[in-house]
Amino acid sequence: MHKGRARAYTNIALIKYWGKKDETLILPMNNSLSLTLNAFYTETEVIFDETYTQDSFYLDGELQDAKATSKVSQFLDIVRQLSEEKSYAQVTSKNFVPTAAGLASSASGLAALAAACNEALDLQLSDRALSRLARRGSGSACRSIFGGFVEWEQGTDDASSYAQPLNSDDWTDDLAMLFILVNDQQKDISSRDGMKRTVETSSFYPGWLEEVPKDLAIAKKAISEKDFTTLGTVTEANCLKMHGTTLAAVPPFTYWSPDSLKAMQAVRSLRSAGIECYFTMDAGPNVKLLIEKKNLAQAQAYLETLFDSAQLVSAFAGPGIEILK
Ligand code: DP6
């Protein structure tokens, strides 16, 4: 019996990962840059035991169905290939999210699983090797191995595609992210399916690929100079470009709901009123504000006039992977 436990925090990309050049290895089409957050995380325990007759997966206390388990099993197969281990495993995960608002993240989930396997099987993977392993489960998970600002270097093969932290710890202490949790009536299109459809069919996708290196360079320079205005401006612009690509996909789609637009407008109003903040969005309707901590309370007070206070959740920069005993 081999057992390991780990905690991983979710991350939100400021410069987005959107599209794969290799779907099996999960090699992305572009570099991306994220901020790891402290408010949302996953704790996972994995037990490999030779008496098990199949892999099993419990999430938040419930045994998961074949579909959810097969995603975990595929990842465990990669781990079993990498190690001498042949046994099946039991994976028990708990997502710590403030409300059941679609915030459970594959990034924290797969990063925690990778770290728990590393621990259980004493693989002694370096953080870089762990980032590569987590990437095989879900691309954005490779960034959750590290805290603060993190860049995922796209690379050209399995060995060269991994995340690494940017040295910016003292500045991340000044920053916050405010989530506006938005209701959505639409049927979900996962990030995996959405990016695949976009790469294959969107006539706007080549434009996205041209823009990302420029946006990334601007964001990295802004981080090194602690220039919040420039970082926020490029974050918002990059998000809009990513979401623009979905409108030209065949068939077209969008992750935005009416309330997403209401939230974006609220951000613009805050800025006009001199409270600097910028939005970003991922493969869903929730809107996330990048803001300096010193302005958080004022922004929250204004947003509470437009949204229910239960819809507003704030987070700060979070750490990298943690091993639990
Ligand atoms: C929009 O990492 O969830 O959040 O690699 O297919 O598991 P897979 O996709 P995933 O995609 C995240 C996309 C995004 C942008 C980002 O986090 O960079």
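Structure shown above.
This section reports on the structure supplied with the text.

How each quantity is defined
Residues numbered from 1 in each chain as written. Predicted model: local features only at pLDDT ≥ 70, side-chain atom pairs only at ≥ 80, totals over all residues. Heavy atoms only, no water. Near = heavy atom within 4 Å. Polar contact = N/O pair within 3.5 Å; in protein donor to acceptor, adjacent residues only side chain to side chain. Areas by Shrake-Rupley, 256 points an atom, 1.4 Å probe, with all protein chains shown as cover. Helix = DSSP H or I, 4+ residues; strand = E, 2+ residues; numbered from the N terminus. Nonpolar A, V, L, I, M, F, W, Y, C, P; charged D, E, K, R; others polar. Axes fitted to C-alpha atoms, helices over the stretch in contact; angles between N-to-C directions. Left-handed = near helix turned anticlockwise from the far one by under 90°. Contact = heavy atoms within 4.5 Å. Salt bridge = Lys/Arg side-chain N within 4 Å of Asp/Glu carboxyl O. Buried < 20%, exposed > 50% of the residue type's maximum accessible area, 1.4 Å probe, protein only. Phe/Tyr/Trp six-rings, centres within 6.5 Å; stacked < 30°, edge-to-face > 60°. Lys NZ or Arg CZ within 6 Å of the ring centre and 35° of its normal. Pairing = 2+ DSSP bridges. Core = buried A, V, L, I, M, F, W, Y, C linked by side-chain atoms within 4.5 Å.

Let us look at the site of the ligand. Near the ligand there are 17 residues, and of these Tyr17, Lys20, Ser138, Gly139 and Ser140 occur at the shortest range. Lys20 is positioned such that a nitrogen or oxygen atom in its side chain is 2.6 Å from an oxygen atom of the ligand. Interatomic distance of 2.7 Å between a side-chain N/O atom of Ser140 and an oxygen atom of the ligand. Alone, the ligand offers 460 Å² of accessible surface; in the complex the protein occludes 94% of this. The leading source of residues in the shell around the ligand is helix H5 (residues 191-201), at 3 residues. The class makeup of the residues in the shell around the ligand is 7 nonpolar, 5 polar and 5 charged.

Further remarks concern the packing of helix H1 (residues 66-82) against helix H2 (residues 106-120). Running from N to C, H1 and H2 point in directions that differ by 35°, and their axes come no closer than 11 Å. For the pair H1 and H2, the sense of crossing is right-handed. Here H1 contributes Lys71, Val72, Phe75, Leu76 and Val79 to the contact with H2, which in turn contributes Ser106, Leu110, Leu113, Ala114 and Cys117.

The tally for this structure, following the rule as stated, stands at 21 salt bridges. With its nearest N and O atoms 2.9 Å apart, the salt bridge here joins Asp158 to Arg132. Taken as a pair, Asp158 in the loop between strand E8 (149-153) and strand E9 (162-165) and Arg132 in helix H3 (residues 127-137) lie far apart in primary sequence, 26 residues in all. For Asp158, a relative accessible area of 21% gives the class partly exposed.

As a further point, take the packing of aromatic side chains. Considering all chains together, one arrives at 8 aromatic pairs under this definition. A ring pair is formed by Phe253 and Tyr255, whose centres lie 5.4 Å apart and whose planes are at 90°; its orientation type is edge-to-face. The class for Phe253 is buried, based on a relative accessible area of 7%. Taken together, the ring pairs in this structure connect Tyr9, Tyr41 and Phe96 into an aromatic cluster. We note Lys262 situated over the ring of Phe307; from NZ or CZ to the ring centre the distance is 4.6 Å. Between Lys293 and the ring centre of Phe316, over which it is positioned, the NZ or CZ distance is 4.9 Å.

The next thing to look at is the sheet that holds strand E12 (residues 287-292). Spatially, 4 strands are ordered E11-E12-E10-E13 in an open sheet, and the strand pairing comes out antiparallel. A strand with exactly one partner marks an edge of an open sheet, and here the two such strands are strand E11 (277-280) and strand E13 (312-316). Pairwise comparison of adjacent strand axes, ignoring direction, gives a mean angle of 25° for this sheet. As defined by bridge partners, strand E10 (residues 175-180) adjoins E12 across 6 bridges and the pair is classed as antiparallel. Its bridge partner being in E12, Leu175 is matched across the sheet by Glu292. Each of E10, E11 and E12 is contacted by helix H7 (residues 228-247), which is oriented at about 25° to E11, the strand it contacts most. The sheet contacts of helix H8 (residues 258-272) involve E10, E11 and E12, and relative to E11 the element is tilted by about 160°.

This part is about the nonpolar core. Counting residues in hydrophobic clusters, the biggest one holds 71 residues, and the most contacted among them are Leu33, Val46, Phe48, Phe149, Phe179 and Leu231. Ranked by the residues each element gives to this core, the list is headed by H2, at 9 residues. The residues touching Phe179, leaving out its near neighbours within four places in the chain, are Ile12, Leu37, Phe40, Leu103, Val287, Lys288, Gln311, Leu312, Val313 and Ala315. By size, the runner-up hydrophobic cluster in this structure holds 22 residues, among which are Ala176, Leu178, Ala266 and Leu270.

Burial within E10 is extensive, with 6 of its 6 residues counted as buried. The alternating pattern of E10 places Leu175, Met177 and Phe179 and Ala176, Leu178 and Ile180 on opposite faces, both of which are buried.

For E12, a buried count of 6 out of 6 residues is recorded, marking the element as mostly surrounded by other parts of the structure. Of the two faces of E12, the one holding Val287, Leu289 and Ile291 and the one holding Lys288, Leu290 and Glu292 are both buried throughout. Looking at chain direction, E11 and E12 are connected through 4 bridges and run antiparallel. Its bridge partner lying in E12, Phe279 is registered against Leu289. Connecting E11 to the next strand, E12, in antiparallel fashion are 6 residues.

Scope: geometric values only; no functional claims are made or implied.
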